[in-house]
Amino acid sequence: MTPTLTRKPTVAGNPPRILLVDDEPSLVELIRDVVSHEMPCRILTAATRAEAAAIVRREPIELLVADVNLPDGDGTTLLDELRRRQPQARAIVMSGAPSVDCAVNALRGGAIDFIAKPFTADRLAQHVRGALGRQAARVKEEKRLDRLRDAVKKLNAARKVVSKKVDLLCNDLIAAYGELAKQMDEVRTAEDFRKSLTSAGDLEQLLCNAMDWLLRRLGYTNIAIWLAAEEHDFQLGAYMKYTHAGDGELAGALKSSVLPHVLRDGAVRWSVDETHDRLDAAAVEQL
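The structure displayed is predicted, hence computed values, not measured ones.

Draft legend 1. Focus on the pairing of strand β3 (residues 63-67). By the criterion of burial, β3 is predominantly enclosed, with 5 of the 5 residues buried. Burial of the side chains of β3 extends over both faces: Leu63, Val65 and Asp67 are buried on one face and Leu64 and Ala66 on the other. Of the strand pairs in this sheet, strand β1 (residues 17-21) and β3 are connected by 4 bridges, and their pairing is parallel. In the sheet register, Ile18 faces β3, and the bridge partner there is Leu63. With 5 bridges connecting them, β3 and strand β6 (residues 90-95) associate as parallel partners.

Encoded structure:
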């Protein structure tokens, strides 16, 4: 095999590392000269399968060029070690006794090319360039995928933050809408009551309208309406009972016990338990 020199390709970054595995020193030297002249690269050599496996475990390489027949076994077994240790690297298998089965086994094992000995320098250089080109494309694709994975992780993290903020905003909007609806309901209630009072022509009609409005809002219940007489004093303006006898006792109890709370808080709405907690026993008994 006679070396034929051609124009050296430009290789960016560090030169690729090629592991050459063959037990023929003259062939190793010849391949080293051909490849080194064809392209900038770093050549590592091994004469046995064990030496090559140690290098694969110890040093990163871009391309493995291995003979099938080695002193300590089948060189294609190195493909498994290469795939486990350096999945981005590529491999070329050589054989001095080529066969279809040998080539198929090499390709099934992960080799991207198979070369039958003897071969010309041009052919060897062509195969090596092709293998290194495919390895570089694989590395570039892996880097692109890594960038995509990082971008997806960042997008997922951002999505979680945005989703959390949207949830908080929605909760705030729901709470604000509930509060606004409550206030609007209070405004509608107050306006409805105001219209009921302003439609009355005299005091008697005003009291009747007020009691009618309360009955429509509350249902059947006892109603007492007080009118301001003097400062801090009120007199009973109207009273309607459904469930409690004794107008005077009930009205008096309401005036003395409940009315002060209404004046202070604007309105009260108590459950039975709250009534017992807020009023004394005598007032509760009267109510």
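There is more to say, and it comes next.
Draft legend 2. Main features of the sheet that holds β3. The strand order across the open sheet built from 5 strands is β2-β1-β3-β6-β7, with neighbouring strands paired in parallel fashion. The strands lining the two open edges of the sheet, one partner per strand, are β2 (42-46) and β7 (113-116). This sheet shows a mean twist of 20 degrees between the axes of neighbouring strands, independent of strand direction. By the bridge criterion, 4 bridges tie β6 to β7 in an arrangement that is parallel.

Draft legend 3. Spatial organisation of the nonpolar core. Leu19, Val21, Ile61, Leu64, Leu78, Leu82 and Val93 are the most contacted members of the largest nonpolar core, which totals 24 residues. Considering each element in turn, this core owes the most residues, 4 residues, to helix α2 (residues 49-58). Core analysis: the next-biggest nonpolar cluster, separate from the first, contains 22 residues, Leu20, Val34, Val65 and Ala121 among them.

Draft legend 4. Molecular detail of the layout of surface pockets. Of the volumes computed, that of the largest pocket is approximately 1800 Å³. In terms of lining, the largest pocket is formed by 37 residues, of which the most central are Leu214, Leu218, Val258, Val262 and Val268. Listing elements by their share of the lining of the largest pocket, those giving two or more residues are α5 (121-198), α6 (203-218), β8 (223-228), α7 (247-265) and α8 (272-278). Tallying contributions element by element places α6 first for the lining of the largest pocket, with 7 residues. For the lining of the largest pocket, the class distribution of residues is 28 nonpolar, 7 polar and 2 charged.

Draft legend 5. The arrangement of the pattern of salt bridges in detail. Under the defined criterion, the tally for this structure stands at 17 salt bridges. A salt bridge links Glu62 to Arg17; its shortest N-O distance comes to 2.8 Å. Taken together, the residues span a long stretch of sequence, with Glu62 in the loop between α2 and β3 and Arg17 in strand β1 at a distance of 45 residues. Residue Asp80 is joined to Arg83 by a salt bridge in which the shortest nitrogen-to-oxygen separation is 2.5 Å. Placement of both Asp80 and Arg83 in helix α3 (residues 78-85) is noted, with a separation of 3 residues, approximately one turn of the helix. Classification of Asp80 by relative accessible area gives partly exposed; the value is 34%. With a relative accessible area of 45%, Arg83 lands in the partly exposed category. Residues participating in the shared-partner salt-bridge network are Asp22, Glu24, Asp67 and Lys117.

What counts, and where the lines are drawn
Residues numbered from 1 in each chain as written. Predicted model: local features only at pLDDT ≥ 70, side-chain atom pairs only at ≥ 80, totals over all residues. Heavy atoms only, no water. Buried < 20%, exposed > 50% of the residue type's maximum accessible area, 1.4 Å probe, protein only. Helix = DSSP H or I, 4+ residues; strand = E, 2+ residues; numbered from the N terminus. Pairing = 2+ DSSP bridges. Axes fitted to C-alpha atoms, helices over the stretch in contact; angles between N-to-C directions. Core = buried A, V, L, I, M, F, W, Y, C linked by side-chain atoms within 4.5 Å. 1 Å grid on protein atoms, 1.4 Å probe; cavity = no way out; pocket = protein on both sides within 12 Å on 5 of 7 lines; lining within 4 Å. Points joined across faces, edges and corners; volume = space filled by probe spheres on them. Nonpolar A, V, L, I, M, F, W, Y, C, P; charged D, E, K, R; others polar. Salt bridge = Lys/Arg side-chain N within 4 Å of Asp/Glu carboxyl O.

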